[in-house]
Amino acid sequence: MLNEKIICAGFGGQGVMSMGMLITYAGMLEGKQVSWLPSYGVEMRGGTANCNVIVAEDAIGAPTVSNDATTAMVMNLPSLKKFENDLLKGGKLFINSSLIDVKSSREDIDVYYIPANEIAVSIGSGKVANLVMLGAYVAATNVVSIDSVKKALRKVFGASKEKMMPLNEAALQRGCDLVG
Amino acid sequence: MEKVLMKGNEAIGAAAIKAGCRYFFGYPITPQNEVPEYMAKELPKHGGVFLQAESEVAAINMVYGAAGAGARVMTSSSSPGLALKQEGLTYIAACELPCLVVNVVRGGPGLGGIQPAQSDYYQATRGGGNGDYKLIVLAPASLQELTDMVQEAFDLADYYRNPVMVLADGMIGQMMEPVAFGEIPQRTLPEKNWATTGTDGDRVPNVINSLFLAPEELEALNIRLQAKYQTIKANETRCEIYQLEDAEIVFTAYGTTARIVKNAIKVLKAEGIKAGLIRPMTLWPFPEAAYQALPETVKCILSVEMSCGQMVDDVRLAVESKVPVAFYGRSGGMIPTVDDIVAEAKQLLGR
Amino acid sequence: MAIVFEKTKGLSNVETHYCPGCTHGIIHRLVAEVLEEMDVLPKAIGVSPVGCSVLAFKYFNIDFQEAAHGRAPAVATGIKRVHPDKVVFTYQGDGDLASIGTAEIVHAAHRSENITTIFVNNAIYGMTGGQMAPTTLPGQKSTTSPLGRDPKHAGMPLKISEMFATIPGTAYVERVSVHDPVSIRNAKKAIRKAFEYQVAGKGFAMVEVLSTCPTNWGLSPVDSLTWLKDNMIPYYPLGNYKTLEEVK
């Protein structure tokens, strides 16, 4: 039964919060149980940010993901070091290889190296690196569908960002293609 | 009804505005800052007033003034801030003024931390200030319940002329979950003919006061308050009873912790251990009766809390020693895990 | 027969608990007369403090809220924000305003809350039995400064009007006294002005009224008036400390 526990982490401005929010929204649109919990307060200072997302069939207990993550998406090196060992055996680790030049030390998980920033820049803006990562995640896990994520884009970013949609969707697609 | 994904703290603000709250007085403290931030942005659009007070002490006294003047008003804070508001709360309770106070609880004692906790149970349910008084204390376990309770809190407050507290925790405040803003059951609310609005020259002055120097008068106030509290107890006590039938062990937990306990119950069930849950939804009045109607199969009760053992006192009083009551808790922002709870239950049952 | 004098409708017919010779009664009357003369009694809402004037809500014939010690300006803020068209005032003593309630009064002034504050300074805690106040004069004896206030130990008395004149949010600050008929007349003018500022929407206005406490000063009522004149006024000079702009 679906009980996906995700950690999204990176430094401030990499869009890790919205990456998690998009999965959450997409899950909600699919009628799944969802929760999203950000790191907050002092933990947010110093430039790193992370959030916990749960997408499940059954009602969610604690919205926290600690040492029981099924997926981790890390956008920078400190996040890899901090969260790599929180993955359960068989979990999936998505590494932003544009900014992280080391390999995972885990051998009991699936690791995906996604050059998220390079791809994002190549299609027009480094800012959508998070969506490249997200596209790869969706293709690799099928926890939520790419269509739901596209719908969620409009919910999370709002109508005012409509002109960004072609770029956003392109970034998602490139991420999908990389894995799928 | 459309579901939207909202952060708990923002859902508190949205629900309050939907319930007609137009005045918010508060002071910044983590992890509830999104409540005042939301109100600062949204209240003016609804013709309301948001004011950042110079302290929690001032904020609660502004609430006292506005509630006395007849307005739907609220404040929110987190644990150390709530401690500062206790002075105002006892005045508000004594003067029987309706208002909503939200406490997004963080770990203590002292400055403590900013991670979620349930260690303000005493502070909420004992009437943290001086004298004999009670707040109605609502304890939501999900964001949907949070929005429903915040909306209803204003009606409860007006109906009983009593301050109401919504006791959440840092997790409820910070997390996002789908919520739908539905209609809440309507109550016929009494007119606020006691409010200080100016006499307009056509009535005797209204006075909001809690000073009664004559012992007979002060006792009369207490007798009236206690009678009201009995009515609230009879009418407003709420709890969720979950899988109690044939249970060997009954957990009791509120708020976020109850969600984790439900997952633990599932794990136990898979291992052939029948477990149930009593989840108080009102912490005051406490759902005592639920603990007196336990099935014969129950061998023990386990109170699970994000504290060092506070609600467990009320559980023991309610159980009246009919079955053993045990406690398991984490504190300081640590969150009990399903595995911990399962292990604790098995140990208690000798499995 | 023509009526030449009538008690103000702003005060109730309750006998006050104030000690003989205490000037709270005069100040109550001045406030009530001003509210009546301005024709705002029906829309006046008062906030009483903790201190000797804690029971002011019984003596004024208008809506009132009794506040926790020092918190009257916060309570008045709550009321005024709900009823901006009403006339809201606090009536506070020196322990209430200048000691436990400094945060609330400073910030009400700082926000320029459109309220009026009547600050009664009698240089002592009256209700609790004559303890030292932040306004107690150097050398003045009280039950908690039995040898007289020692500024090295307890600091110099706080000059509230001078201090509030420096707060950008204050619109009108004046110090008055009630020790003789002339000063009483001047006090009434200042109180009226402070309420006119509120009605005109000009922001925070405060009148500090030097007052007596014969009981705790250990003086006769008449000697108390003389003591006020000879000892308080030199340290707390009367006069206007701030007038943002004239209000007609």
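Structure shown above.
Computed from a prediction, not measured in an experiment: that's the story for all the values here. (Residues numbered from 1 in each chain as written. Chains lettered and ligands numbered in written order. Predicted model: local features only at pLDDT ≥ 70, side-chain atom pairs only at ≥ 80, totals over all residues. Heavy atoms only, no water.)

Asks: Describe the sheet that holds strand 4 (residues 116-121) of chain C, naming the residues involved and giving the relevant values.
Replies: Two strands in a sheet stick together by hydrogen bonds in their backbones, pointing the same way (parallel) or opposite ways (antiparallel). The eight strands are arranged 9(B)-2(C)-1(C)-3(C)-4(C)-6(C)-5(C)-7(C) in an open sheet whose pairing can be described as mixed. Only two strands of the sheet have a single neighbouring strand rather than two, namely strand 9 (207-208) of chain B together with strand 7 (239-243) of chain C. Relative to strand 3 (residues 87-93) of chain C, strand 1 (residues 44-48) of chain C runs parallel, the two being bridged by four bridges. Bridge pairing in strand 3 of chain C links Ala44 of chain C to Val87 of chain C. Docked against the sheet, helix 8 (residues 181-199) of chain C engages strand 3, strand 4, strand 5 (170-177), strand 6 (204-210) and strand 7 of chain C, running at close to 165 degrees with respect to strand 5 of chain C. Packing against the sheet, helix 10 (residues 221-235) of chain C makes contact with strand 4, strand 5 and strand 6 of chain C, and its axis sits at approximately 135 degrees to strand 6 of chain C. (Pairing = 2+ DSSP bridges. Helix = DSSP H or I, 4+ residues; strand = E, 2+ residues; numbered from the N terminus. Contact = heavy atoms within 4.5 Å. Axes fitted to C-alpha atoms, helices over the stretch in contact; angles between N-to-C directions.)

Asks: Outline the environment of Glu56 of chain B, supporting the account with residue identities and numerical values.
Replies: Residue and element names in this part refer to chain B. By the secondary structure assignment, Glu56 is in helix 3 (residues 56-68). Judged by its relative accessible area of 6%, Glu56 is buried. Sequence separation between Glu56 and Gln310 is 254 residues, and the spatial gap between their C-alpha atoms is 24 Å. Here Glu56 is in contact with Tyr27, Pro28, Ile29, Ser77, Gly81, Leu84 and Lys85, once residues within four sequence places are set aside. (Buried < 20%, exposed > 50% of the residue type's maximum accessible area, 1.4 Å probe, protein only.)

Asks: Give me the lowdown on the packing of aromatic side chains, citing residues and values where you can.
Replies: Throughout the structure, instances matching the rule amount to 18 aromatic pairs over all chains. Pairing Tyr121 of chain B with Tyr254 of chain B gives two aromatic rings, centres 5.9 Å apart and planes at 45 degrees, and the pair type is tilted. One end of the pair, Tyr121 of chain B, is in helix 5 (residues 121-125); the other, Tyr254 of chain B, is in the loop between strand 11 (249-252) and helix 9 (255-270), with 133 residues separating them in the sequence. For the pair formed by Tyr121 of chain B and Tyr254 of chain B, the shared burial category is buried. Ring geometry for Tyr159 of chain B versus Tyr160 of chain B: centroids 4.8 Å apart, planes at 80 degrees, classification edge-to-face. A network of ring pairs unites the aromatic residues Phe60, Phe64, Phe89, Tyr91 and Phe195 of chain C as a single cluster. It is Lys103 of chain A that lies over the ring of Tyr113 of chain A; its NZ or CZ is 4.2 Å from the centre. (Phe/Tyr/Trp six-rings, centres within 6.5 Å; stacked < 30°, edge-to-face > 60°. Lys NZ or Arg CZ within 6 Å of the ring centre and 35° of its normal.)

Asks: A description of the arrangement of the chains should follow, citing residues and the corresponding values.
Replies: No other pair among the two pairs of chains in contact exceeds the contact count of chains B and C. Between chain A and chain C there is no contact, and the shortest C-alpha to C-alpha distance separating them is 27 Å.

Asks: How would you summarise the pattern of salt bridges if you had to cite specific residues and measurements?
Replies: Per the counting criterion, the structure on display carries 45 salt bridges over all chains. In this structure, Lys299 of chain B and Glu248 of chain B form a salt bridge, with 3.0 Å as the shortest nitrogen-oxygen distance. With a gap of 51 residues between them, Lys299 of chain B in the loop between helix 10 (288-292) and strand 14 (300-305) and Glu248 of chain B in the loop between strand 10 (239-242) and strand 11 connect regions that are remote in the sequence. The class of Glu248 of chain B is buried, set by a relative accessible area of 11%. The shortest N-O distance in the salt bridge between Glu162 of chain C and Arg175 of chain C comes to 2.6 Å. Remark: Arg175 of chain C occurs in strand 5 and Glu162 of chain C occurs in helix 7 (residues 160-165); sequence separation between them is 13 residues. Classification of Glu162 of chain C as partly exposed rests on a relative accessible area of 22%. (Salt bridge = Lys/Arg side-chain N within 4 Å of Asp/Glu carboxyl O.)

Asks: Before we move on, could you go through the interface of chain A and chain B and cite the residues and values that matter?
Replies: Every contact between the two is made by 21 residues of chain A and, on the other side, 23 residues of chain B. Together, the buried faces of chain A and chain B total about 1,700 Å²; carbon and sulfur atoms form 65% of this surface. Linking chain A with chain B are two salt bridges, by the criterion used here. Where Glu2 of chain B meets Lys155 of chain A, a salt bridge forms, and the shortest distance between an N and an O atom there is 3.0 Å. In terms of residue count, the dominant contributor to the side of chain A that touches chain B is strand 2 (residues 33-38) of chain A (five residues). (Buried area = accessible area lost by both parts, 1.4 Å probe.)

Asks: So what about helix 4 (residues 129-141) of chain A? Which residues, and what values?
Replies: All names here are of chain A. Here helix 4 is 13 residues long and its end C-alpha atoms lie 19 Å apart, about the 18 Å a rise of 1.5 Å per residue gives. Extensive coverage of helix 4 is indicated by the burial of 12 of its 13 residues. Every buried residue of helix 4 is listed here: Ala129, Asn130, Leu131, Val132, Met133, Leu134, Gly135, Ala136, Tyr137, Val138, Ala140 and Thr141. One or two steps after helix 4, the chain reaches Asn142, where phi turns positive at roughly 55 degrees. (Expected span 1.5 Å × (residues − 1).)

Asks: How would you summarise the interface of chain C and chain B if you had to cite specific residues and measurements?
Replies: On the chain B side, the residues contacting the 32 residues of chain C number 33 residues. Taking both sides of the interface into account, the surface hidden between chain C and chain B amounts to around 2,500 Å²; carbon and sulfur atoms contribute 59%. A per-residue breakdown of the area chain C buries against chain B is headed by Asp63, Gln65 and Arg81 of chain C, which together make up 22% of the total. Our count for the contact surface shared by chain C and chain B stands at three salt bridges. Linking Glu87 of chain B and Arg71 of chain C is a salt bridge whose minimum nitrogen-to-oxygen distance equals 2.9 Å. Our enumeration of links across chain C and chain B arrives at 16 residue pairs in polar contact (both at pLDDT 80 or more). When residues of the side of chain C that touches chain B are traced back to their parent elements, those giving at least two are strand 1, strand 2 (63-66), helix 3 (72-82) and helix 5 (102-110) of chain C. Residues that form the side of chain C that touches chain B fall into these classes: 16 nonpolar, seven polar and nine charged. Pairing of strand 9 of chain B with strand 2 of chain C involves two bridges; the strand directions are parallel. Considered in strand 2 of chain C, the bridge of Val207 of chain B is made with Phe64 of chain C. (Polar contact = N/O pair within 3.5 Å; in protein donor to acceptor, adjacent residues only side chain to side chain. Nonpolar A, V, L, I, M, F, W, Y, C, P; charged D, E, K, R; others polar.)

Asks: Break down the side chain of Arg106 of chain A for me, with residues and values.
Replies: Residues and elements named next belong to chain A. As for its placement among the helices and strands, Arg106 is situated in the loop between strand 5 (87-96) and strand 6 (110-114). Taking the relative accessible area as the measure of exposure, Arg106 reaches 14% and is therefore buried. Within polar-contact distance, the side chain of Arg106 engages the backbone oxygen of Leu87 at 2.8 Å. Polar contacts involving the side chain of Arg106 include one to the side chain of Asp108, which spans 2.8 Å.

Asks: Could you give an account of the sheet that holds strand 5 (residues 99-105) of chain B, naming the residues involved and the relevant values?
Replies: All names here are of chain B. Reading across the sheet, the seven strands line up as 3-2-4-5-7-6-13 and stay open at both edges, with mixed pairing between neighbours. Where the open sheet ends on each side, the last strands, each with one partner, are strand 3 (49-52) and strand 13 (282-284). The mean angle between the axes of side-by-side strands here comes to 20 degrees, regardless of whether they run parallel or antiparallel.

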